Each structure stands twice: as C-alpha cells, then as structure tokens.
Amino acid sequence: MKSFLRKTAEYLWEKHGLVDLQHIAVVMPSQRGVLYLKKELAYLSDRPFLAPDFMTIEEFALKMTDSSLIDPIEL
C-alpha cells in the first residue's frame, strides 16, 4: 500500500514531469511533511532535478500577505 506522500509525489511527477517541477510551488502543513515529500520525489528519479518550491502553510501565509511573524516572547 502506497503512502499519501508517495501518491502525491507520483502525481506531481506524472502531471509536471522532470523539467516543469521547478516551476511549481507545493504548500504543506509542516516542515516534516516537506522533508518526506522531497524524499519521495527523489526516490522516483534516477538523475538530479530541480525540485519544486516547498513551503509550509505559515510561510505561504506570510509570503502572500507581506507580513512578518511576531516573536512568541513579544506576544
């Protein structure tokens, strides 16, 4: 049985191919998910490639709103 991240990596691979992967962005819930999805993508390839732009939901929200994260101690 394939994991969700394996199926996601296969979908990205089939949909975008080796060349177009570098032109997409993938938003994941956590940095840990990003790490394991990168590993799954690496298992699918037999040669080096430029990976998509990976970011967490928090990083994506900060990027889209041009905001900055307040230090928890300041809160």
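The structure reproduced in this document is the subject of the present report. (Residues numbered from 1 in each chain as written. Predicted model: local features only at pLDDT ≥ 70, side-chain atom pairs only at ≥ 80, totals over all residues. Heavy atoms only, no water.)

## Comments concerning the packing of aromatic side chains
Worth spelling out the cut-off: Between 30 and 60 degrees the pair is tilted, below 30 it is stacked and above 60 it is edge-to-face, where a pair is any two Phe, Tyr or Trp rings, Trp via its six-membered ring, whose centres lie within 6.5 Å. Where helices and strands are cited, they refer to DSSP runs of H or I of at least four residues and of E of at least two residues respectively, numbered from the N terminus.
Under the defined criterion, the tally for this structure stands at one aromatic pair. Ring centres of W13 and F49 lie 5.4 Å apart, and the angle between their planes is 75°; on these two criteria the pair is classed as edge-to-face. Placement of W13 in helix α1 (residues 4–20) and of F49 in the loop between α2 (31–44) and β2 (53–56) is noted, with a sequence separation of 36 residues between them.

## Remarks on the pairing of strand β1 (residues 25–28)
Successive side chains on a regular strand alternate, one facing one side of the sheet and the next facing the other. We apply this condition: Relative accessibility under 20% of the residue-type maximum defines a buried residue, over 50% an exposed one, and the middle range a partly exposed one, all with a 1.4 Å probe and only protein chains included. At least two bridges found by DSSP between two strands are what make those strands a pair. With strands facing away from the observer, any crossover in which the path from the first strand over the helix to the second runs clockwise is taken as right-handed.
Only one face of β1 is buried: it carries V26 and M28, and the other face, with A25 and V27, is open. Inspection of the sheet shows β1 paired to β2 by four bridges, in the parallel sense. Its bridge partner being in β2, V27 is matched across the sheet by M55. Crossover handedness for the path β1 to α2 to β2: right-handed.

## Some thoughts on α1
Short version of the rule: Note that the bend at a residue is defined as the angle between axes fitted to the seven residues ending at it and the seven residues starting at it. In what follows, residue pairs with any heavy atoms lying within 4.5 Å of each other are defined as contacts.
At E14, α1 is deflected by roughly 65°, the largest bend along its length. Three or more residues of α1 are buried, namely L5, T8, A9, E10 and L12. Of the surrounding secondary structure, the elements contacted by the buried residues of α1 are β1 and α2.

## Thoughts on a nonpolar patch on the surface
Selection rule: Nonpolar side chains (Val, Leu, Ile, Met, Phe, Trp, Tyr) within 5 Å and like charges within 9 Å form the patches, drawn only from residues with over 30% relative accessible area and no salt bridge. Here the Shrake-Rupley method, with its probe set to 1.4 Å, supplies the accessible areas, and only the displayed protein chains count as covering residues. We define a salt bridge as a contact between a side-chain nitrogen of Lys or Arg and a carboxyl oxygen of Asp or Glu at a distance within 4 Å.
A contiguous nonpolar surface patch, about 360 Å² in accessible area, is contributed by V27, I57, F60 and M64. Per-element tally for the nonpolar patch: the top contributor is helix α3 (residues 57–65), with three residues. The topology assignment puts F60 in helix α3.

## Considering the pattern of salt bridges
Applying the stated criterion across every chain yields a total of three salt bridges. Of the charged contacts in the structure, one is a salt bridge between R6 and E40, with a shortest N-O distance of 3.3 Å. In this pair, R6 sits in helix α1 while E40 sits in helix α2, placing the two residues 34 residues apart along the sequence. For E40, a relative accessible area of 16% translates into the label buried. Ionic pairing is found between K63 and D53, a salt bridge with its closest N-O pair at 3.9 Å.

## Digging into unusual backbone geometry
If you check the backbone angles, D66 has positive phi at about 55° while not being a glycine. Within the secondary structure layout, D66 lies in the segment after α3. On the basis of relative accessibility, which here comes to 72%, the residue D66 falls in the exposed class.

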